[in-house]
Number of protein chains: 6
Amino acid sequence: MNKTAVYRKEHFNAAHRLNNPQLSADENAELYGKCNNPNYHGHNYEVVVKVTGDIDLRTGYVTDTKALSQIIKENITDRLDHKNLNLDVPELIDTNPTTENIAVFIYNSLRNKINPQFDLKIFLYETERNFVEYPA
Amino acid sequence: MNKTAVYRKEHFNAAHRLNNPQLSADENAELYGKCNNPNYHGHNYEVVVKVTGDIDLRTGYVTDTKALSQIIKENITDRLDHKNLNLDVPELIDTNPTTENIAVFIYNSLRNKINPQFDLKIFLYETERNFVEYPA
Amino acid sequence: MNKTAVYRKEHFNAAHRLNNPQLSADENAELYGKCNNPNYHGHNYEVVVKVTGDIDLRTGYVTDTKALSQIIKENITDRLDHKNLNLDVPELIDTNPTTENIAVFIYNSLRNKINPQFDLKIFLYETERNFVEYPA
Amino acid sequence: MNKTAVYRKEHFNAAHRLNNPQLSADENAELYGKCNNPNYHGHNYEVVVKVTGDIDLRTGYVTDTKALSQIIKENITDRLDHKNLNLDVPELIDTNPTTENIAVFIYNSLRNKINPQFDLKIFLYETERNFVEYPA
Amino acid sequence: MNKTAVYRKEHFNAAHRLNNPQLSADENAELYGKCNNPNYHGHNYEVVVKVTGDIDLRTGYVTDTKALSQIIKENITDRLDHKNLNLDVPELIDTNPTTENIAVFIYNSLRNKINPQFDLKIFLYETERNFVEYPA
Amino acid sequence: MNKTAVYRKEHFNAAHRLNNPQLSADENAELYGKCNNPNYHGHNYEVVVKVTGDIDLRTGYVTDTKALSQIIKENITDRLDHKNLNLDVPELIDTNPTTENIAVFIYNSLRNKINPQFDLKIFLYETERNFVEYPA
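Residues numbered from 1 in each chain as written. Chains lettered and ligands numbered in written order. Predicted model: local features only at pLDDT ≥ 70, side-chain atom pairs only at ≥ 80, totals over all residues. Heavy atoms only, no water.

Residue position: Asn130(C) is located in strand E5 (residues 130-134). Along the primary structure Asn130(C) and Thr99(C) are separated by 31 residues, whereas in three dimensions their C-alpha atoms are 8.6 Å apart. Setting aside chain neighbours within four positions, we find Asn130(C) in contact with Leu124(C), Tyr125(C), Tyr7(E), Arg8(E) and Thr65(E). A distance of 3.0 Å separates polar atoms of two side chains, one belonging to Asn130(C) and the other to Arg8(E). (Helix = DSSP H or I, 4+ residues; strand = E, 2+ residues; numbered from the N terminus. Contact = heavy atoms within 4.5 Å. Polar contact = N/O pair within 3.5 Å; in protein donor to acceptor, adjacent residues only side chain to side chain.)

This is the structure in C-alpha cells:
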C-alpha cells in the first residue's frame, strides 16, 4: 500500500547571529559577513513538518494535524518564537544557529514526539529565498 | 537518462464535513472537533499534479501542461468545484473527505488518464498550512 | 500630523451558498450559477482589518495588534470559522452571504469594539482573485 | 489629468526589541509581552515605497523604479539590513522600533531624496499578518 | 451610505521592450538599460481591477465578479496574453509599453465597458516587486 | 549520517517562443498554440537550486548560500535575465525553450560549478501554476 504524507506549516520570529567560537573574529567576519553582526539580526522563520505513513482507516488521517500543530507548538515554536537563538534556548547555547543546524535541532526535538512508525522530515525557511530540508 | 517532472496547479472551492458514520456522534465530535460541524465548512483547495517521465525530443515536453490542465479540469475540478464533498460527488458518498482521502481519490481518478509510463503524484492543499502528498 | 494605519490579517474557513429568498429558484440559479448550489461550497477567507489613527507616543503603536487580533478573534473568527454562513450565525440568517455582505457584517461587528477616534476599514478575500473593501 | 502611482518592494532582515525607556521594566513587560525580550527577536521586513505623480511623456515612467530601488538601497536597506534596530542605527537609537515608528523613519529618510512634486507613502510589513501604512 | 469596492485579479504573459522612438538608440539604451533589449524580454503580468459602488440589494453584489472576469478576458487578457506588446496589439503600436502606459491602456479599454456609476481603478504588477496603480 | 539539502531561489525575466524547426509551421502552431507566437511572449521565471550534502562542522552550512547565489548569478541569471531565450543566449540557439529544456540547461550549466560530492537539482517555475523539476 502506498504511503501518504501530511505537512503542517508553523512560524516563529527570532534573532540570531552566525558565529563559530572556535574561529577567530576575523575568520568569522570573513565567513559569515553581515550575518556575523555581534548585535544580531533576525528572521520570520517558517517551519514545515512532514509526517509520512499509512492512512488510518478509522480517522481518514495519517495523523491529526491539530495534534501535530500542538506538538510543534509545545516543542518548537513556544521555545523559539520571539527568542534569541544564540542566547535564550538552553539546548542551542553551543549550536551555531545556521538554518541547517536549526533544522536538525527541530528534527531531533520532534523525532521522539512523533510515532516511530512515521517518517519525519523538516523544511525550514529562513527567508522566502533561503531554505533547507532535513533529512534530505 | 535522468527523468524530469512537470507540475500543474489547479484549484477548486468546496464544502465538506469530517465524519465517520461507523462512529457515534460523540466520538466524531471528539475526533474531528469543529471540522465535524453537521452544517459543513469549506476551503479553497489547491491541487498540484506531478507527472514524471522523459522529455519528448519532438515537443520538448514531458507532457503538454495545457492537455494536463484539461485532464484535471474534466476529471477533478469540474466534479469538485463549488460542490459539497460529502453530498454532491457520487464516487465520494462513502468517503470521509479528509485531505488524505481526497488526494487518494484524485490520484485514482487521474491514474488511468495519464500515460502509464509516467509516474504520478498528487499534492493537495486544504489551507496554506495543511497539505498532503500521495503517494509519498 | 499625519495619520498612520495598522493592518492585521486573520483567516477563517466557512461554507456558504448565495441565494436571495425573494427570488425564484430559477432566478437564483441564473444569477449565482454554481455559487447557488443548495448543498453549499466553501472558502478559506482572509480578513484584513485596517485601523487608522495617530501613533501613541507612549507605546509607539496606533493600536496594539495583539489586542486587535484578540478583538477580531472574539468578534469574527470565533463566530465564523468552520461555520456555515447561511445556517450557523444567528446575525447572518437573513443575509445573503456575498463577500460584500460579509465584509459589511464584519465592519459592523467591529466598529463599536474599536476606539471611535480610529477609522476602520475591512478587506475580505474570498479567494486570491476575488476580494472586497468596505468602506471604500 | 489623472495621477499614477508606482510601487517598489524591497526587503531587509533585522533584530529588534520593543521597549520604552521612560517606562519601568514591569510596565514594558506588560505592554510589549514577548516583544520586550531583552535579548531581541527579529523579522524579515518587506518595505513597499509608493510614489505618485504624472507619467513623464519622454520616459513613460512616473519615476524610474531602478533608480528608486537604488535610492531605497542607499537610504534604507543598506542601513537596516542585518542590523539590530535598537543598537546599530545611529538615527534610531532613541526610537522605540515599532513597525509604526520604523515606517515613519523610512518616510522621513526618503522624503528629501524623492522629487517633491511626487507624493510618497510607505507600507512596512513586519510579518505577513502585521503591517502599517504611513502616511495613511 | 458607504461605498464598497470589489477587486478581480487576472493574469497574462507577454513580451515587451521599452523604447521611445523619438530618442536615439544611445539615449534609449541609457534610459532603459537591459529593458531596451531589441529582442524583447517578458513578464507574467497580474492585473487587478477595482470597481467601487453601492451594493445592489437584489444581488448582494456591487457587480458580479464572474461577469467582470469575462469583461476583463474579452477586453484585456485575450488581447494581451501570449502577445508581444510592441508588435501584436494594434492599439499599442505607438505606445512605449511601460507598466504605467499599459495600466492606462487597460483603464481606457475597460472604462466604457463598466457601468459609469462605478469608479474604476487598475493595479498592474509587472513583477512581485514592481507595480503601478491608475488612477492613483 | 543524514544528508541535508539547501535551496536558493533566484529569478529572471525573459521572452521566448516554443518552436521545433524540424516541424512545419502548421505542426508547430497546432502543437504549441499561442506559445508559438512568432513575436514571442515572456515570463517571470523563478529558479530554485537544491544542493544536498553533509553539514560542514566548521561553517554549519552544507554550502554557503551567498556563494551559491553568486554562482547562480554568474552562470544563469546574468545570462538569461531580460533576454530572448530563442535569440540572445548562444548555448540555447538550437534549443526549443520549453521549461523542461531550460531546466536541463540550468542543471548542466551549474553541475560543474558545484562541488561534485553534492547532489544538484533544479526547480524552474514558468508561472505559479506550471513548473518543472530536473532531475526528478
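After that view of the structure, there is still more to cover.
With that settled, consider the side chain of Thr98(E). Mapped onto the elements, Thr98(E) comes out in the loop between strand E3 (83-84) and helix H3 (99-111). Assessed through its relative accessible area of 1%, Thr98(E) is described here as buried. From its side chain, Thr98(E) meets the backbone oxygen of Gly60(D) in a polar contact 2.7 Å long. Setting aside chain neighbours within four positions, we find Thr98(E) in contact with Thr59(D), Gly60(D), Tyr61(D) and Leu18(E). (Buried < 20%, exposed > 50% of the residue type's maximum accessible area, 1.4 Å probe, protein only.)

Note that side chains of opposite charge can pair when their charged atoms are close. One pass over the full model with this rule turns up 60 salt bridges over all chains. In this structure, the salt-bridge partner of Lys34(C) is Asp81(B), at a minimum N-O distance of 2.7 Å. Here Lys34(C), found in the loop between helix H1 (25-32) and strand E2 (41-53), pairs with Asp81(B), found in the loop between helix H2 (65-80) and strand E3 (83-84), and the two come from separate chains. Here Lys34(C) falls in the partly exposed class, since its relative accessible area comes to 47%. A salt bridge links Lys3(F) to Asp54(F); its shortest N-O distance comes to 3.5 Å. Pair noted here: Lys3(F) is in the segment before strand E1 (4-16) and Asp54(F) is in the loop between strand E2 (41-53) and helix H2 (65-80), with a separation of 51 residues, a long-range link. When salt bridges with common partners are traced through the structure, they connect Lys50(A), Lys121(B) and Glu133(B) into a single cluster. (Salt bridge = Lys/Arg side-chain N within 4 Å of Asp/Glu carboxyl O.)

On to the relation of the copies chain A and chain D, then. With an RMSD of 0.0 Å, the fit of chain A onto chain D corresponds to turning through 180 degrees and sliding 0.0 Å along the axis. The transformation relating the two chain copies, once decomposed into turn and shift, fits a two-fold axis. Here 100% of the contact residues of chain A are again contact residues in chain D; the copies associate through an equivalent surface. (Least-squares fit on C-alpha atoms with pLDDT ≥ 70 in both.)

Turning our eyes to something else, we now look at the arrangement of the chains. Without any contact between them, chain A and chain C keep their closest C-alpha atoms 14 Å apart. A minimum C-alpha distance of 14 Å separates chain D and chain F, which share no contact.

Take the interface of chain A and chain D next. With 20 residues of chain A in contact, the opposing surface of chain D contributes 20 residues. Per-residue buried area on chain A facing chain D is highest for Asn39(A), Asn44(A) and His82(A); these three make up 35% of the total on that side. On inspection of chain A and its partner chain D, the count reaches two salt bridges. Among the elements of the structure, strand E1 (4-16), strand E2 (41-53) and strand E3 (83-84) of chain A are those that each provide at least two residues to the side of chain A that touches chain D. In terms of residue count, the dominant contributor to the side of chain A that touches chain D is E2(A) (four residues). Taken together, the residues of the side of chain A that touches chain D sort by class into five nonpolar, ten polar and five charged. (Buried area = accessible area lost by both parts, 1.4 Å probe. Nonpolar A, V, L, I, M, F, W, Y, C, P; charged D, E, K, R; others polar.)

So yeah, pure geometry; function would need other evidence.
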